[in-house]
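An overview of the molecular structure
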Amino acid sequence: MRKSSLMVLATVATLFIVSWIFKGIALEDIYESNYLQGFLLTFSAFLTLSIMSFLYKDNPFYKFSEHLFVGVSAAYAMVVGFWTTIVGNLVPRLSESLSNFFQIPYQEGTYNFFYYLPVIFGLMLLMRLSKKHGWMSRIPLAFIIGTTAGLNFIGYLRSDFTNQIAATFIPLLGAAGEWKGIGDFFSNLSLSAGGQLVMMLSNWVIFLGVFCGLIYFFFSREHTGLFGKASRVGIWILMITFGASFGYTVMGRISLLVGRITFLFKDWLGIIS
Amino acid sequence: MRRNIPLAVTFVVGMLLIVSVFLPPIETIGEDFGVFFSIIAVFAFFLGGGNLIKVHFGKIMKKSNDWEFSLVTVVGFFAMLIIGLFKIGAPGDISTSVTAEGSYFQEMFVYLINPLQSTMYALLAFFVASASYRAFRAKNREATILLVAAFIILLGRTPLGMMLTGWIPESFSIFQVPNLAVWIMNSPNLAGQRAIMIGISLGVVAMSLRLILGIERTYLGGDDKG
Amino acid sequence: MKNSLADRSSGGIICAALITIFFFSGPLHSQEDLVSLSVKKIAPPSSLLATDHKYDNGNSISLSWVPSIDDALMNNPIVAYKLYRSSNDTEPNLIAELPPGSSYFLDNGVSTDNSYSYSVSASTNAYEVLSNRTESITPQSEWINYNKKYLFLMVMIISGAIMYFIVSAKRGKELFVRKIAGLEAIDEAVGRATEMGRPIMYIPGIQDMDDVQTIASLTILGRITRTIAEYDSKIFMPVARSLVMTAARETIKASYQAASRPDSYSDDMVNYITDEQFGYVAHVNGLMVREKPATVFLLGAFFAESLILAETGNSIGAIQIAGTARPAQLPFFIAACDFTLIGEELFAASAYLSGEPMQLGSLKGQDVGKAIAMFFVLLGVLAATVSAAWDIELFNNLLDNLNELFS
Amino acid sequence: MLLLTFSDIGLIVTLVIIAAGLGLILKLALKGKEIDRRIIFIFIFFSVASPIIFQIKFSEKATAVVKSIYDKIDNLPEGSKILISFDFDPAMAPEVQPMAIVLGRHALIKGHEVVFMSLWTTGQSLLTEIINEYILPDFPEKQEFIDYVTLGFKAGNEGVLKVIATDFKKMFPVDNNGRPLDSIPIFDGVKSCSDFDLVISIGGGKPGPKEWILFVTDPSNIPMAVGVAAVIAPQMYPYYPAQVLGIMGGVKGAAEYESEFIGNYERFKDMKTPGLLTMGPQTLAHTVIMAFIIIGNIIYFRKRKKEAKS
């Protein structure tokens, strides 16, 4: 380690300890274990700042947080998977004595033996570790891919294909008997149910947008001539969509930072109330 | 054989699931298969978690670059694993939820994972700014449209939008930037999203068919041994 | 037909009775009368009918009845309808309490092993009056759900179109497929990495194998690694799911074998990091700035991390080819990457890259699907427009039918 | 006399720093230099952190959709009955809670009789918290049962709405504390939702504003206003102004309302305005991003001009 990095390390360590002590004293009236709480809060703040330091450049503090994050969260996922899936879903269907051990109700069912299937598949998957029988791990993969393909086939066709088409059955002219005269038509350009021109325009835009957007996705035709022009309009609509969605999301992203900075200033440093 | 058995499995399972939607007696089979999937996925953890530890252990053993940090990963991993599997510090007996308030597992989540997670997420605020700086340039017609749409929405979401265009009378209120922003979200944005969704659904359907029929088989690996 | 007519007329009579009561009861009762009304006897619900719910696995029975004639819109003495069920002639149990005005209930708690009979009561705050008990009924399990016939039709049309073109392509019919810019760039991107002597990074999204986008990504991976193996470039692939790791290793290995370079393959190319979204992102970010890949592929299902990854990739000057079918993340890829596969293109990519006639045939089939969608959008918009503006019966019917077809 | 508050000074300092920084960058940009992204990061951090520290607020001018809600509550005669439903959970609270607070205050200061309820399980505790911690401390003179009443949460989603649309007491025989509605003065003469002069639903999920419109206010033609999370605000616009008289969308909607409220009520000039406070960082950050987009384009066109020349 070079001298400069040692200096940085020493500074951070000192600040950490100072913050720990101050936080501990500040929390004296609130918690019994105030110094433990002080440590935890300081550590949270340290991790927060370490991650943010990546914006400047990669550095040992980021590396530390990153590696800690990976180890802890991988184990977190495994533990949750074990308790919810194995103990929550598998055990109560296969073994009464294990269910009693984990103190969960045993679920009696005629078709419970089917639940040996995923266990067998799981074991086959572990065959990957063997050179000779490694190919067997393809069978559970094939099962999973078959499941995914089958479920998504119907799921997407129903929710995204048919429903989206049905949602586009919109009138391009106003409704009968609601015509309020040409003056009103052109003078009421408000974004409300009353503004007929805007309503009509919206529906036209939706209709043409969907239509031309679909043309853009055509693979088996050269995009030339009228077809090409429509596909061009399709791209424009997509570009508006992307631009608008981007702009709209910015606000949400800023709020995330507001949350983090509030944590630093309020919970850790205590400079705002 | 090493290819045909898996292909047959995919075909049978895929077809079964498509057909099951129309046959009430086996209608719920998809849900069961979903549970099967999550059980298999837990078995896969042995491979995944094992691999993670193997990689970092290897680094520590070989004292390769940054091996000290690998130590952090390994220690963090085992600490969390032991705390979680044995429910250390859990407020009740074995039946209490692993994420129950007060258990060490939950404390680790609150003070370790949570700040890391939300800070990583918050980095987006910065990246969204640098990305818009670079990307929103009027290089050609398409890029200009993208830029203008984004700009109107951004403007419409701040008081600036109303300050600039608040004078426009109510009967032409569509031209007030905040309203215009809403209209863009409501109409062209909706149309674009819808076209994309319909396209995606067809893509998924065709992809699924190729998988079920065995036309697409890259994922199955070669014919070799092992 | 006869029956339904009878039903309708009896319903009409009851409606008329209700309206009459409504008109007469409202003004006649003063505030004091209300109190006496609530202890007054009321008429029971009538014509309780229990029928097997059609097209299910014998797990539901539908119940309908005519509400008590005292069930009025105003000053209603009735507070609830209570449903009782007795299975195999045992003691009846309360199974549901419904608000006044109800006349229908679907009992989902039954099975084909038992027979059931029902009764329904109307109750005021102080008083409850029971209807007749129904005959015993055993729910039936049906084999085919006819309610989904239109969905079935849709499935047949779309898959029929795709299969038709797959078969005709197999027979040797030439198919034109337009260029997809993002995919055309792949070769160049791989070549550049080789020239620079830097690795290629491949990220298949953060979802597991139960997401079809992940599978699509792996099929593309299969084609790309073929090129990578031929160029003898280096690839590394951090993944967020153990199963994806297994499948990806299988895929890459196969490609190296197909390119006759099985010895260049190693399991280290694919590593599992963590299931946790941002833990994974934190590590991938670190890897990016440390390994400095020349090319980054971001293909699959992405969430909020899309922009974090794409911006970091951009900061190290990598060529980035991205693609996802999650519409919410597309704008960020468009903004931060060099090439983006938009939605459907992600699924078309592996077929396109393979160049095999059968695969390309399926793309043509997809186009037919789009043509069908456009046709019906056009028809539906026409019907909706005419029916809204001029209220012509033919078009009203057309619109109704279309809505049913796509419901 | 010119009196500057802490946040005014903060605002001025912030704006000067940002403006000077942007000016400097613009100068560099005019020379055709690309900007390092870390400079953008610093600007973003500063534009978010500074409003938080200095509690900077911007005055928002209420847009028509928000103003109409404000006007409605303001113009109703004293003693009108208003029903406010809190249909949200803690996750959604940062966006919509500010609306709940300011609406509650406005209704009470105008002397309306307010009924609070919730369709969400978690709404009960939020309801109590918001009313007891944020609204009531400012109104020591207001009495429960006469000026306001909390009915709490009722399970049943749309079912609840269908019933209260015709008979309120059937669904809520008693209030939150078990007191029969018949003995509560506010409910004198209240039979159904139609007896309220205004119904407001604040939420963003299901059941929420949309269900209120479909099952309660639209069938019976009851004046309705909604406050929704930003994500679903665009879905509410088709109902405006025929079925709902106004919409507050996200934190911005809340901020506009707060701005209108504190502008008109001297007594609440210095009240806590969570909506406006969150808008501070948002506004500055948005402005900075827009400025950088403009600078980016200047750089781009400069470059292109140069290339065209050579």
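Residue positions are counted from 1 within each chain, in the order its sequence is given. Labels are handed out in written order, letters beginning with A for the chains and numbers beginning with 1 for the ligands. Two thresholds apply to this predicted model, a pLDDT of at least 70 for residue-level local features and 80 or more for giving and counting side-chain atom pairs, whereas whole-chain, interface and lining totals are computed over all residues. Hydrogens and water molecules were not included; the side-chain quantities draw on all heavy atoms of the structure.

The subject of this paragraph is helix 8 (residues 305–315) of chain C. Residues and elements named next belong to chain C. Here's how the labels work: a residue is buried when its accessible area is under 20% of the maximum for its type, exposed when over 50%, partly exposed in between, all with a 1.4 Å probe on protein chains only. Put simply, DSSP H or I for four residues or longer makes a helix, DSSP E for two residues or longer makes a strand, and each gets a number counted from the N terminus. Extensive coverage of helix 8 is indicated by the burial of nine of its eleven residues. When helix 8 is considered as a whole, its buried residues turn out to be Glu 305, Ser 306, Leu 307, Ile 308, Leu 309, Ala 310, Glu 311, Thr 312 and Gly 313. At the exit of helix 8 stands Gly 317, carrying a positive phi of roughly 75 degrees.

Let's shift gears to the nonpolar core. Across soluble globular proteins, you tend to see nonpolar side chains buried next to one another. Core analysis: the biggest nonpolar cluster contains 277 residues, and Met 209, Leu 243 and Leu 298 of chain C have the highest contact counts within it. Ranked by residues supplied to this core, first place goes to helix 4 (residues 104–135) of chain B with 18 residues. In this structure Met 209 of chain C touches Ile 144, Ile 145 and Thr 148 of chain A, Phe 37 of chain B together with Thr 214, Ile 215, Leu 218, Leu 243, Val 244 and Ala 247 of chain C, once residues within four positions along its chain are discounted. Nonpolar core, defined: a set of buried Ala, Val, Leu, Ile, Met, Phe, Trp, Tyr and Cys residues in which side-chain atoms within 4.5 Å join the residues together. By size, the runner-up hydrophobic cluster in this structure holds 89 residues, among which are Met 92, Ile 184, Leu 198 and Ile 213 of chain D. We call two residues in contact when some of their heavy atoms are within 4.5 Å.

Moving on to the side chain of Gln 193 of chain B. Position of Gln 193 of chain B among the secondary structure elements: in helix 8 (residues 188–212). Gln 193 of chain B has contacts with Thr 241 and Ser 245 of chain A together with Pro 327 of chain C, leaving out every residue within four places of it along the chain.

Before going further, it helps to spend a moment on the interface of chain B and chain A. Contacts between the two partners involve 120 residues from chain B, matched on the other side by 114 residues from chain A. Defined in terms of a 1.4 Å probe, buried area is the accessible area two parts forfeit on being brought together, summed over both. For the pairing of chain B and chain A, the buried interface totals around 10800 Å² over both sides, and the portion due to carbon and sulfur atoms is 81%. When the buried area of chain B at its contact with chain A is split by residue, Tyr 111, Leu 116 and Arg 194 of chain B rank highest and sum to 7% of it. Salt-bridge detection follows one rule: a side-chain nitrogen of Lys or Arg within 4 Å of a carboxyl oxygen of Asp or Glu. Our enumeration of links across chain B and chain A arrives at two salt bridges.

Let us now look at the packing of helix 3 (residues 67–85) of chain B against helix 4 of chain B. All names here are of chain B. Angles run from 0 to 180 degrees between N-to-C directions of axes, and those axes are lines fitted to C-alpha atoms, restricted for helices to the stretch in contact. The N-to-C vectors of helix 3 and helix 4 enclose an angle of 145 degrees; their axes lie 8 Å apart at closest approach. In contact with Met 80, Ile 83 and Gly 84 of helix 3, helix 4 contributes Tyr 104, Phe 105, Met 108 and Ile 113. In this count, Pro and Cys sit with the nonpolar residues alongside Ala, Val, Leu, Ile, Met, Phe, Trp and Tyr, while Asp, Glu, Lys and Arg are called charged and the others, Gly among them, polar. Grouping the amino acids of the contact of helix 3 with helix 4 by side-chain chemistry returns six nonpolar, one polar and no charged.

Time to look at the interface of chain B and chain D. Interface size, as often reported, equals the accessible area lost upon joining of the parts. Counting from both sides, the interface comprises 28 residues of chain B and, opposite them, 33 residues of chain D. Where chain B abuts chain D, roughly 2800 Å² becomes buried across the two surfaces, and 72% of that area is made up of carbon and sulfur atoms. The interface formed by chain B and chain D contains one salt bridge. A salt bridge links Glu 34 of chain D to Arg 137 of chain B; the shortest N-O distance between them is 3.0 Å. Under the rule applied, a polar contact is a pair of N or O atoms within 3.5 Å (in protein, one hydrogen donor and one hydrogen acceptor; residues adjacent in sequence only if both atoms are side-chain atoms). Taken together, chain B and chain D are joined by six residue pairs in polar contact (both at pLDDT 80 or more). Within the residue set of the side of chain B that touches chain D, elements represented by two or more residues are helix 4, helix 5 (141–156), helix 6 (159–165) and helix 7 (177–186) of chain B. With eight residues, the top contributor of residues to the side of chain B that touches chain D is helix 4 of chain B.

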